[in-house]
Amino acid sequence: MTEAKPTILKIGGSVITDKNGELAARTEVMNRLAEEIQKANIKNLIIVHGGGSFGHPTAQKYGIKEGLKEDAQKVGFTETHHVMTVLNGLVMDALVWHNIPALSVTPSCCVVTENGRIRFFEDTILKMLLKMGFVPVLYGDTTLDEKLGFTVLSGDQIGSHLARKFNAAKIVIGVDTDGLYDSDPKVAKNAKLYKHLTLEELKKIKGRLGKSTAADVTGGMLGKIAELIPAIEEGIPVAIVNATKPNRTYKALIGDMVEGTVIEKE
Ligand code: IPE
């Protein structure tokens, strides 16, 4: 049993899938990340991954985020959840075959949202898993929603929620850019990388950050930042790193000189 504060690792869907394709998994990236996670060997780790080209296109096709409006969407709801379990299975494959005691925890079975915000989170099993030294793995998923009938819950909201609930030591966000830029680095060639930001600085630049270019029902980088702010306000530091590049996630996990963007309260 361990009393160490947990670390939350959110792996973006753009890292483990090709967001421009459909159902396009990057299993080689999943395997490399599993190797880095195993090498980091940190106590009390919670992994959350995104949907990328699995969850987003299906959710968009059926308008799942906007809620239940007609019966025909129901199969879209189940299909969106299903493709997320398929992606999660591939992530679990990589983790378990790298000897990580990882266990998949399905958000749609333990979370209820209200207008897209987490209202209820049954975490008994999650707490037991952590205490016993397992690595719970969650993901952006479909949820039943008290107002909308159903909706889409992002992995970022899950990560931020759990970080606050379990008083995390830090949140590591793996994305497909080198960190947080003053404009979209995939569009603007002279985009400038922020290496370190305080909460106040982050709030100031928030308005300038654009939405993700690829199909993204949960808001891209702007949505990510909005989710992270409440955790940073509680003093939980955040490191945003390029998880498509070797060793950056490893370094951020063990707290070595982070190559990316570090955001702290002060
Ligand atoms: C989205 O999760 C999940 C679904 C669309 C069902 P995220 O919002 O966390 O995914 P990424 O990281 O942006 O791809």
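Residues numbered from 1 in each chain as written. Predicted model: local features only at pLDDT ≥ 70, side-chain atom pairs only at ≥ 80, totals over all residues. Heavy atoms only, no water.

Attention now goes to the packing of aromatic side chains. Enumeration over the complete set of coordinates arrives at one aromatic pair. Centre to centre, the rings of phenylalanine 77 and phenylalanine 150 are 4.6 Å apart; their planes meet at 15°, and the pair counts as stacked. Of this pair, phenylalanine 77 sits in helix α4 (residues 74-97) while phenylalanine 150 is found in strand β8 (residues 149-153), placing the two residues 73 residues apart along the sequence. For the pair phenylalanine 77 and phenylalanine 150, a shared accessibility class is recorded, and that class is buried. Positioned above the aromatic ring of tyrosine 250, the side-chain terminus of lysine 39 is 4.2 Å from the ring centre. (Phe/Tyr/Trp six-rings, centres within 6.5 Å; stacked < 30°, edge-to-face > 60°. Helix = DSSP H or I, 4+ residues; strand = E, 2+ residues; numbered from the N terminus. Buried < 20%, exposed > 50% of the residue type's maximum accessible area, 1.4 Å probe, protein only. Lys NZ or Arg CZ within 6 Å of the ring centre and 35° of its normal.)

A sheet is described by the order of its strands in space; here four strands give the open sequence β5-β4-β7-β8, paired in mixed fashion. Edge positions in the sheet fall to β5 (117-121) and β8, since each has one partner strand and no second. Direction aside, the axes of adjacent strands within the sheet are offset by 45° on average. Taken together, the four bridges between strand β4 (residues 111-114) and β5 define a ladder with antiparallel strand orientation. Note that in β5 the partner of glutamate 114 across the bridge is arginine 117. Sitting on the sheet, helix α6 (residues 155-165) touches β5 and β8, and the angle it makes with β5 is about 55°. (Pairing = 2+ DSSP bridges. Axes fitted to C-alpha atoms, helices over the stretch in contact; angles between N-to-C directions. Contact = heavy atoms within 4.5 Å.)

Below, the discussion takes up the pattern of salt bridges. Pairing of side chains with opposite charge becomes possible as their charged atoms draw close. With the rule as written, the count across this model stands at 16 salt bridges. Where salt bridges share partners, they join Asp178, Lys245, Arg248, Lys251 and Glu259 into one cluster. (Salt bridge = Lys/Arg side-chain N within 4 Å of Asp/Glu carboxyl O.)

With five of five residues buried, strand β2 (residues 45-49) lies mostly within the body of the structure. Burial along β2 is two-sided: Leu45, Ile47 and His49 and Ile46 and Val48, pointing in opposite directions, are all buried. Bridging between strand β1 (residues 7-11) and β2 involves five bridges; their strand directions are parallel. Looking at the pairing, leucine 9 lines up with isoleucine 47 of β2. Alignment of β2 against strand β6 (residues 135-139), held across three bridges, turns out to be parallel. Its bridge partner lying in β6, valine 48 is registered against leucine 138.

The next thing to look at is helix α2 (residues 27-40). Because each turn of an α-helix spans 3.6 residues, side chains separated by three or four positions end up pointing in the same direction. Given a rise of 1.5 Å per residue, 14 residues ought to cover 20 Å, and the 20 Å separating the end C-alpha atoms of α2 matches this to within 8%. Here the buried face of α2 lies against β1, α1 (13-16), β2, α4 and α9 (248-254). Positive backbone phi, at 45°, marks asparagine 41, one or two positions downstream of α2. (Expected span 1.5 Å × (residues − 1).)

Proteins that are soluble and globular tend to have nonpolar side chains buried together. The biggest cluster of nonpolar side chains holds 37 residues, and the ones touching the most others in it are Phe121, Leu138, Leu162, Ile171, Leu180 and Leu202. Among the elements of the structure, β2, β5, α5 (124-131), α6, β9 (170-175), α7 (199-206), α8 (220-233) and β13 (238-242) are those that each provide at least two residues to this core. Top contributing element to this core by residue count: α8, with six residues. Beyond its immediate sequence surroundings of up to four residues, isoleucine 171 is in contact with Ile8, Ala163, Leu228, Ala231, Ile236, Pro237, Val238 and Ala239. (Core = buried A, V, L, I, M, F, W, Y, C linked by side-chain atoms within 4.5 Å.)

Another aspect to go through is the side chain of arginine 32. Along the chain, arginine 32 turns up in helix α2. On the basis of relative accessible area, arginine 32 is assigned to the buried category, the value being 18%. Here the side chain of arginine 32 touches glutamate 36 through a polar contact of 2.7 Å, side chain to side chain. Separated by 3.3 Å, the side chain of arginine 32 and the backbone oxygen of threonine 244 make a polar contact. Look past the residues within four positions of arginine 32 in its chain and what remains in contact with it is Ala243, Thr244, Lys245, Pro246 and Asn247. (Polar contact = N/O pair within 3.5 Å; in protein donor to acceptor, adjacent residues only side chain to side chain.)

The subject of this paragraph is the side chain of asparagine 88. By the secondary structure assignment, asparagine 88 is in helix α4. Judged by relative accessible area, asparagine 88 falls into the buried class, the value being 4%. Other than its neighbours up to four places away in sequence, asparagine 88 contacts His49, Ser104, Val137 and Tyr139.

What follows deals with α5. Listing the buried residues of α5 in full gives Leu126, Leu129 and Leu130. Seen end-on, α5 carries its buried residues on one side only, within an arc spanning 95°. Away from its buried face, by an angle of more than 90 degrees, α5 presents the exposed residues Ile125 and Met128. At its buried positions, α5 is contacted by β2, β3 (102-104), β5, β6 and α6. Among the residues trailing α5, glycine 133 stands out with phi positive, at a value near 85°. (Arc of directions from axis to C-beta.)

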